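Structural description and commentary
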Amino acid sequence: MRLTIEVWRQDSPEVEGHLETHLVEGAQEEMSLLELIDYLNDQLVSAGREPIAYDSDCREGICGTCGITVNDQAHGPVANTPACRQHLRSFKDGAVLRLEPFRNGAFPVIRDLVVDRSAMDRILQAGGYVSVDAGTAADADSVQISHGRAEKALDFAACIGCGACISACPNGAANLFAGSLLNHLATLPQGAPERARRARAVIAELDESFGPCSVYGECAQVCPAGIPLSAIAAVNRERARAMIRGGKDD
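On a predicted model such as this, the values are computed, not experimentally measured, just so you know.

Reading the values: rules and limits
- Residues numbered from 1 in each chain as written.
- Predicted model: local features only at pLDDT ≥ 70, side-chain atom pairs only at ≥ 80, totals over all residues.
- Heavy atoms only, no water.
- Axes fitted to C-alpha atoms, helices over the stretch in contact; angles between N-to-C directions.
- Helix = DSSP H or I, 4+ residues; strand = E, 2+ residues; numbered from the N terminus.
- Parallel < 35°, antiparallel > 145°, perpendicular 65-115°, else oblique.
- Left-handed = near helix turned anticlockwise from the far one by under 90°.
- Contact = heavy atoms within 4.5 Å.
- Nonpolar A, V, L, I, M, F, W, Y, C, P; charged D, E, K, R; others polar.
- Pairing = 2+ DSSP bridges.
- Domains from an automatic or database assignment.
- Buried area = accessible area lost by both parts, 1.4 Å probe.
- Salt bridge = Lys/Arg side-chain N within 4 Å of Asp/Glu carboxyl O.
- Polar contact = N/O pair within 3.5 Å; in protein donor to acceptor, adjacent residues only side chain to side chain.
- Buried < 20%, exposed > 50% of the residue type's maximum accessible area, 1.4 Å probe, protein only.

Concerning the packing of helix H5 (residues 175–187) against helix H8 (residues 233–245)
It is at 7 Å that the axes of H5 and H8 come closest, and there the two elements cross at 60°. Of the possible angle classes, the one that applies to H5 and H8 is oblique. The handedness of the crossing between H5 and H8 comes out as left-handed. Contacts between H5 and H8 involve Asn175, Ala178, Gly179, Leu182, Asn183 and Ala186 from the first element and Ala234, Val235, Arg237 and Glu238 from the second. Partitioned by chemical class, the residues of the contact of H5 with H8 number 5 nonpolar, 3 polar and 2 charged.

Written out as structure tokens, the structure is:
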């Protein structure tokens, strides 16, 4: 395949970035987007130039670190699929691919395609945990959880924290991300003791760093984990519940 790659280059957060154009020949349609960047980087290094910086880890659609935008689409043209699982067969020979970092005020660019997603980490630090007594593990059946409830919790726990939902949202909202966290832990008995406190802490971070949700729905369309749009309802529900309960936890 012959492709024209327009890739964002930025040396540091303090300098302005720009698009850099490369003509790539010999790419194979079974290559993933990340393999395409590797292929281009090999050529750049051979020519004595700086390779393109980008994040990746598992390359199996699990870790969420590989997020980029491709022709203004978070991760790429295939819906609900992370960048590492997007392949060149989705593009025609001779296509132009514009590769850019996730665009959002909460995600400052560190270098090239690498962004700082610590605003999402702060949401997890605020409430992505349960407090339990350390020591000998309890019996597996000591807390009864129905199959339906367990499946619901697992559906919301599937979020891989890639940030695509935030990048795709016109408002830069993180309600799908925060809602999946709140839904997951509110569904399980282990999350009940700190439910109200968790909601207040998570939503405070959400309001501080991200935009308001207007239910556009782009977030659910790009989510690699398939988190349903209904997750966003948890934010207002848990906010209202925490306000009603005042300073009390369950």
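Describing the pairing of strand E1 (residues 2–9)
Pairing of E1 with strand E2 (residues 18–25), which is carried by 8 bridges, proceeds in the antiparallel orientation. Counterpart to Thr4 in the pairing with E2 is Leu23. Summarising the sheet, E1 and strand E5 (residues 96–100) pair through 4 bridges and their orientation is parallel. When the sheet's bridge partners are listed, Val7 is paired in E5 with Leu99.

Comments concerning the domain arrangement of the chain
Assigned domains within the chain: domain 1 (3–111) and domain 2 (117–131 + 146–244). When each unit is reduced to the centre of its C-alpha atoms, the spacing between domain 1 and domain 2 is 28 Å. Listed by partner, the interface residues are 19 residues for domain 1 and 19 residues for domain 2. Summed over both sides, the interface of domain 1 with domain 2 buries roughly 1300 Å², with 56% coming from carbon and sulfur. Applying the counting criterion to the domain 1 and domain 2 interface returns 0 salt bridges. The interface formed by domain 1 and domain 2 holds 5 residue pairs in polar contact (both at pLDDT 80 or more) in total. Among the residues forming the side of domain 1 that touches domain 2, the class breakdown is 8 nonpolar, 9 polar and 2 charged.

Quick notes on the packing of helix H2 (residues 118–127) against H5
Any two packed helices are characterised by the angle at which their axes cross and by the distance between the axes. Direction vectors running N to C along H2 and H5 enclose 20°, while the axes themselves pass 11 Å from each other. Our classification of the angle between H2 and H5 gives roughly parallel. Note that H2 runs across H5; the crossing there is right-handed. On H5, the residues touching Met120, Ile123, Leu124 and Gly127 of H2 are Phe177, Leu181 and Leu185.

Re the pattern of salt bridges
For the structure shown, the criterion picks out 15 salt bridges. With a shortest N-O distance of 2.9 Å, Glu20 and Arg9 are connected by a salt bridge. Of this pair, Glu20 sits in strand E2 while Arg9 sits in strand E1, placing them 11 residues apart in sequence. A relative accessible area of 18% places Glu20 in the buried class. You can call Arg9 buried: its relative accessible area is 8%. A salt bridge links Arg59 to Asp38; its shortest N-O distance comes to 2.9 Å. With Arg59 in the loop between helix H1 (33–46) and strand E3 (69–70) and Asp38 in helix H1, this pair connects stretches of sequence that are 21 residues apart. Through salt bridges with shared partners, a single ionic network connects Arg9, Glu20, Arg49 and Asp112.

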